[in-house]
Amino acid sequence: MRDRASTTALNYVLLLGIVAILVSTLVVGVGDLVVDQQERGVRSQLDVVGNRLAADVATVDGVARQTDGTVRLRSDLPDRVVGTPYTVTVESTGDDSYRLTLRSSTPDVVVYVPFRSETTVAEGTVRGGPIDVGYDPTTSSEVTLRDR
């Protein structure tokens, strides 16, 4: 009779151990999946934001070439992507070729968006959010980006 009581207690302890291992494996696996999904979401939204901003710069470039006056366009971009702030950097990559580098910090995601502009675009970095894209021939011969 004594063997039955120890067998029941031993089975119970073994069952608890197996359940603990399964639950911890499940938590680790789901955690990685959530981080991966968040990175994909941030990358996708940064790509959309970058393409919208590149289109706005191209619009200002086109209007600036057709007129000799001041051109201003407010690009209404989100402050955050998937709850994360981001920055936008403009870099020249050639004669009339440029690249927007959009970077988030958590998770660390970088997206590059190439674009062309016949009007020189000022290099620099701005915070994500509404951005003023402008061209003023009286102060500069460049298209500029300024965060609000």
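In this text, all values refer to a predicted model and were calculated from it rather than measured experimentally. (Residues numbered from 1 in each chain as written. Predicted model: local features only at pLDDT ≥ 70, side-chain atom pairs only at ≥ 80, totals over all residues. Heavy atoms only, no water.)

### Section: the side chain of S117
And then number 1: If you trace the backbone, S117 turns up in the loop between β5 (109–116) and β6 (124–127).
And then number 2: Within the local environment of S117, its side chain forms a polar contact with the backbone oxygen of T119, the two atoms lying 2.6 Å apart.
And then number 3: In this structure, S117 is in contact with D61, D96 and Y98, ignoring residues within four places of it in sequence. (Helix = DSSP H or I, 4+ residues; strand = E, 2+ residues; numbered from the N terminus. Polar contact = N/O pair within 3.5 Å; in protein donor to acceptor, adjacent residues only side chain to side chain. Contact = heavy atoms within 4.5 Å.)

### A closer look at the nonpolar core
And then number 1: Core analysis: the largest hydrophobic core is formed by 28 residues, its most contacted members being L100 and L145.
And then number 2: Those elements that provide at least two residues to this core are α1 (2–66), β3 (84–92), β4 (97–104), β5, β7 (131–135) and β8 (143–147).
And then number 3: At eight residues, the largest contribution of residues to this core is made by α1.
And then number 4: Sequence-distant contacts of L100, that is, excluding residues within four places in its chain, are made with G50, L53, A54, V88, T89, V90, V111, Y112, V113 and F115. (Core = buried A, V, L, I, M, F, W, Y, C linked by side-chain atoms within 4.5 Å. Buried < 20%, exposed > 50% of the residue type's maximum accessible area, 1.4 Å probe, protein only.)

### Overview of the environment of R103
And then number 1: With respect to the element layout, R103 can be found in strand β4.
And then number 2: Using a relative accessible area of 41% as the deciding quantity, one classes R103 as partly exposed.
And then number 3: Linking R103 and R127, residues 24 residues apart in sequence, is a C-alpha distance of 9.8 Å.
And then number 4: Discounting residues that sit within four places of it in the chain, R103 has contacts with P85, Y86, T87, V109 and V110.

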